[in-house]
Amino acid sequence: MMANEVRMIVKWCGKEYEICNITENDTVSTLKDIVHKETGVRPERQKLLNLRFKGKAAQDEDTIGKLSIKPGFKLMLMGSREEDIAEASQAPDNVPDVVNDLDIAEEEVIIEKAEVYLAKINRRIQDYQVIELNPLREGMKLLVLDIDYTLFDHKSLAESGHLLMRPYLHEFLTMAYKDYDIVIWSATSMKWINEKMRMLGVSSHPNYKIAFHLDSLAMITVHTPKYSVVDVKPLGVIWGKYKQFSAKNTIMFDDIRRNFLMNPQSGLRIRPYKQAHFNRDKDRELLKLAKYLKLIAKVDDFQTLNHRKWEEYVSKKKRSERRTEGDEQKL
Ligand SMILES: [Mg+2]
């Protein structure tokens, strides 16, 4: 009898590849060879994120039949082609990061108040299902974090996701968790978000807990003369569902300022983390931001802050602390 054919789609670097010439009797190793042919990523470099057997990553010798793959299954692949690794290892291109970050001013205020968008937000408040991963805590402020280029360099190539994680990620989250409930919001699908957070060790970390994840379905589309049509992350969706949070106690980090279009004052535009290979040893952004979060945790109303000047805020506090220490020594 002929073995059953298994059809699946491999998702890699934003593209999809159909895999059809594989059967239930083939092994994961064979699958990797086919994926190699389709994508150019060598088997030993392939990390098949959601290919699991009994809760663990499937092994090369496992047969496809026992992995209970559903029709239309999308296999998420991480891994790099040799030629891309070689290219990425060469000097970085010093193109300044200006994409999508034109300054916004009056326009954003008008958009923030537009009825049509408030109506869209209301629809999200009603329809979007939040799955709480951990209970929210009383008296906490709220920190909303983007993933790609904020916590993770999703475009660089590396053998393991850990090499693309922004330095000090866990230290940052551990510190922030003391004063903030933490929400992850990424413009991708929930499947990817869950997968990435698991891979980075965020979902299982003992020192902090993420309250919940939001995906692209919680976003809304906005029309603006400057950006034309864009999807943005309106904090109003969270504020509508969780009344303890508002512009007074919420801060959001994202490397793309237009994501704040519906709540510009609450957004802090973080420097994107790119070219992990070169910046892994240099990037201290999350450590500095952890300090900022700690400092402003004492502020009653975040609307009195200007997050564009967050670095000045941190260094001013540092200077005044040093002065105080000096005074104490004199005494
Ligand atoms: Mg991003």
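Shown above is the structure to which this text applies.
All values reported here derive from a predicted model rather than from experimental measurement.

K.L.:
Hey, could you go over the sheet that holds strand 9 (residues 210–214) for me, with residue numbers and the actual values?
P.N.:
The strand order across the open sheet formed by 5 strands is 9-8-7-12-13, and the pairing between neighbours is parallel. Two strands lie at the open edges of the sheet, namely strand 9 and strand 13 (267–269), each paired on one side alone. Taking each pair of neighbouring strands and ignoring which way they run, the sheet shows an average axis angle of 20 degrees. Across 3 bridges, the pairing between strand 12 (residues 250–254) and strand 13 is parallel. Within strand 13, the residue paired with Asp254 across the bridge is Arg269. Seen against the sheet, helix 6 (residues 190–199) touches strand 8 (180–185) and strand 9 and runs at an angle of roughly 145 degrees to strand 9.

K.L.:
Describe the sheet that holds strand 6 (residues 73–78), with residues and values.
P.N.:
Ordered by their spatial adjacency, 4 strands build an open sheet running 2-1-6-3, and the pairing between neighbours is mixed. Looking at which strands have only one partner, the edges of the open sheet turn out to be strand 2 (15–19) and strand 3 (47–48). As paired elements, strand 3 and strand 6 share 2 bridges and run antiparallel to each other. Residue pairing across strands places Leu48 opposite Leu77, the latter belonging to strand 6. Its contacts with the sheet put helix 1 (residues 28–39) on strand 1 (8–12), strand 2 and strand 6, and the angle it makes with strand 2 is roughly 130 degrees.

K.L.:
Run through the packing of helix 5 (residues 169–177) against helix 9 (residues 285–296), naming residues and quoting values.
P.N.:
The interhelical angle for the contact between helix 5 and helix 9, taken along N-to-C directions, is 5 degrees, at an axis separation of 9 Å. Overall, the two elements helix 5 and helix 9 adopt an arrangement that is roughly parallel. Contact residues: Leu169, Glu171, Phe172, Met175 and Ala176 in helix 5; Leu286, Leu287, Leu289, Ala290, Leu293 and Lys294 in helix 9. For the contact of helix 5 with helix 9, the class distribution of residues is 9 nonpolar, no polar and 2 charged.

Quick notes on the rules
- Residues numbered from 1 in each chain as written.
- Predicted model: local features only at pLDDT ≥ 70, side-chain atom pairs only at ≥ 80, totals over all residues.
- Pairing = 2+ DSSP bridges.
- Helix = DSSP H or I, 4+ residues; strand = E, 2+ residues; numbered from the N terminus.
- Axes fitted to C-alpha atoms, helices over the stretch in contact; angles between N-to-C directions.
- Contact = placed C-beta atoms within 7 Å.
- Parallel < 35°, antiparallel > 145°, perpendicular 65-115°, else oblique.
- Nonpolar A, V, L, I, M, F, W, Y, C, P; charged D, E, K, R; others polar.

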